[in-house]
Amino acid sequence: MKTIAIVPTLFTLGNGICGFAAVTFAAKITADTGDDQVLQLLATSGWLILAAMLFVAVGLSLIFERRAFCRYVCPVGGFIGLYAQAAPLELRVKDAAACAACAGKPCYNGSPAGYGCPWLVFPASLKKNTYCGLCLECLRTCPHENIAVRLRPFAADLASPSRRLDEAFKSFIMVGAALIYAAILLGPWGGLKSAAYEVGAAGWWLYVASFLALIFAVLPGTYALAVRFGLPRSLPTHSFRAHFSSFATALIPLGLLFWVAFSLSFVSTNATYILATLSDPLGWGWNVFGTAAVSWQPLITSWLAPLQTFALAGGLLWSGRSARRIGEEAGVNPFPAIMYCFALTLLMMGLLL
Ligand code: SF4
Ligand code: SF4
């Protein structure tokens, strides 16, 4: 059992490291190319990362069944799975009893009508969106039309916190990576920028070690302390891990809104590049839509700080509400976990504003 529990945690580590590598690679190209060629480097780094991911995805598909890359390696898939819990859309079976009586379970095992679930998910067991890629293959393979895609209340999955340690660590990667990239790209620390960009140099290795220590040790360690402070003394020690993992669910809204606030900085300053890039995606002098010559200009700059503050405050309120509900259901004081979210929000605000 222990081995099985460790495997997804290792894959979470893989998610984090792959995401880290992808962004670092992009940052390296950015540094090497120079500010005057931003448009070209965006296209180049994007295509190179895409090509590398495609290469690994095809390689893994030749060795392992179904979509091993999507499930275990893809940094985008790992985080989209977390965000998908907030989606107002879900795919679920209509009648669980029909599934229990269904011969062959073609939605999972495949049939002449289509493939078995590429994500190795049995639709009847779906309780959350996290591991469903919404490819809709099971809609084709189910011979009983027992699968529905339906609207639901926003963020419904977050009402039932996960008890999985690997999902807890994904939350820390999401929050920690937002803090680190905000510090590197928006902070005033030239030494940190150089360390992050000089791939292979001694400073870069220190940066790598600090990055991994923050997301896999410092953030989880301090959150564990916060959760421990809220637990009654009489609580059996063995249930601590379950409480820790449950409370980590409350970090998902915080991480989501951290990334929204962080991305606003780039959207507002670089949005005009989108028009130029659409016309010349490879930097080869094309002008497909006649927008290649659109000149750069920052947008909504006077609204940026209020919008970011609004996003961060919204994330904090949402996380605080989640933590309070988790605490109430488990009979645990959520206040230390809420204060932890508050401290991280202040830190992010200091980096962004
Ligand atoms: S094929 Fe349809 S009815 Fe059968 S197990 Fe899958 S979802 Fe249920
Ligand atoms: S939509 Fe795709 S990933 Fe989701 S359960 Fe169906 S087959 Fe699996």
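Residues numbered from 1 in each chain as written. Chains lettered and ligands numbered in written order. Predicted model: local features only at pLDDT ≥ 70, side-chain atom pairs only at ≥ 80, totals over all residues.

**Some points on helix H13 (residues 301–330)**
With 30 residues, H13 should cover 44 Å at 1.5 Å per step; its first-to-last C-alpha distance of 44 Å lies within 8% of that length. Taken together, the buried positions of H13 are occupied by Gln-308, Ala-311, Leu-312, Gly-315, Leu-316, Trp-318, Ser-319, Gly-320, Ser-322, Ala-323, Ile-326 and Gly-327. Those residues of H13 that are buried lie in contact with helix H10 (202–230), helix H11 (240–248), helix H12 (251–279) and helix H14 (335–352). Once H13 finishes, Gly-331 follows within two positions and takes phi at roughly 70°, a positive value. (Helix = DSSP H or I, 4+ residues; strand = E, 2+ residues; numbered from the N terminus. Expected span 1.5 Å × (residues − 1). Buried ≥ 20, exposed ≤ 12 C-beta atoms within 10 Å, placed from the backbone. Contact = placed C-beta atoms within 7 Å.)

**Some details on the packing of helix H8 (residues 165–186) against H10**
Between H8 and H10, the least distance of the axes is 9 Å, while the angle of their chain directions is 125°. In terms of orientation, H8 and H10 fall into the oblique class. Crossing hand, H8 versus H10: right-handed. Counted together, Phe-169, Phe-172, Ile-173, Val-175, Gly-176, Ala-177 and Ile-180 of H8 and Phe-211, Leu-214, Ile-215, Leu-219 and Pro-220 of H10 form the full contact between these two elements. Grouping the amino acids of the contact of H8 with H10 by side-chain chemistry returns 11 nonpolar, 1 polar and no charged. (Axes fitted to C-alpha atoms, helices over the stretch in contact; angles between N-to-C directions. Parallel < 35°, antiparallel > 145°, perpendicular 65-115°, else oblique. Left-handed = near helix turned anticlockwise from the far one by under 90°. Nonpolar A, V, L, I, M, F, W, Y, C, P; charged D, E, K, R; others polar.)

**Digging into H12**
With 29 residues, H12 extends 39 Å from end C-alpha to end C-alpha; this agrees with the ideal 42 Å at 1.5 Å per step. The largest bend in H12 comes to about 60°, at Asn-270. (Bend = angle between axes of the 7 residues up to and from the residue.)

**With respect to unusual backbone geometry**
Its identity is not glycine, yet Leu-120 carries a phi of approximately 55°, on the positive side. Phi angles above zero are rare outside glycine, and Ala-155 is one such case at about 60°. For Ala-155, the position within the fold is in the loop between strand E2 (147–151) and H8.

**Describing the site of ligand 2**
In the vicinity of ligand 2, the contacting residues are Leu-91, Cys-117, Trp-119, Val-121, Pro-123, Cys-132, Gly-133, Leu-134, Cys-135, Leu-136, Glu-137 and Cys-138. Broken down by class, the residue content of the shell around ligand 2 amounts to 10 nonpolar, 1 polar and 1 charged. (Near = placed C-beta within 6 Å.)

**Some details on the site of ligand 1**
Of all residues adjacent to ligand 1, which total 13 residues, the nearest are Cys-99, Cys-102, Cys-107, Cys-142 and Asn-146. Secondary-structure elements contributing two or more residues to the shell around ligand 1 are helix H5 (96–101) and helix H6 (106–109). Classifying every residue of the shell around ligand 1 gives 10 nonpolar, 2 polar and 1 charged.

**Description of the confidence of the model for the protein chain**
With 86% of its residues at a pLDDT of 70 or more, the protein chain shows a mean pLDDT of 84. Segment residues 24–35: pLDDT under 50, and 17 contacts once partners within four positions in sequence are set aside and those in other chains are kept. (pLDDT = per-residue confidence, 0-100.)

**Observations regarding the packing of H11 against H13**
Packed helix pairs are characterised by how far apart their axes lie and by the angle those axes make with each other. Where H11 meets H13, the axes come as close as 9 Å, and the angle between the chain directions of the two elements is 150°. Regarding the angle of H11 to H13, the classification is roughly antiparallel. Classified by chirality, the crossing of H13 by H11 is right-handed. Contact residues: H11 offers His-243, Ser-246 and Phe-247, while H13 offers Ala-323, Ile-326 and Ala-330.

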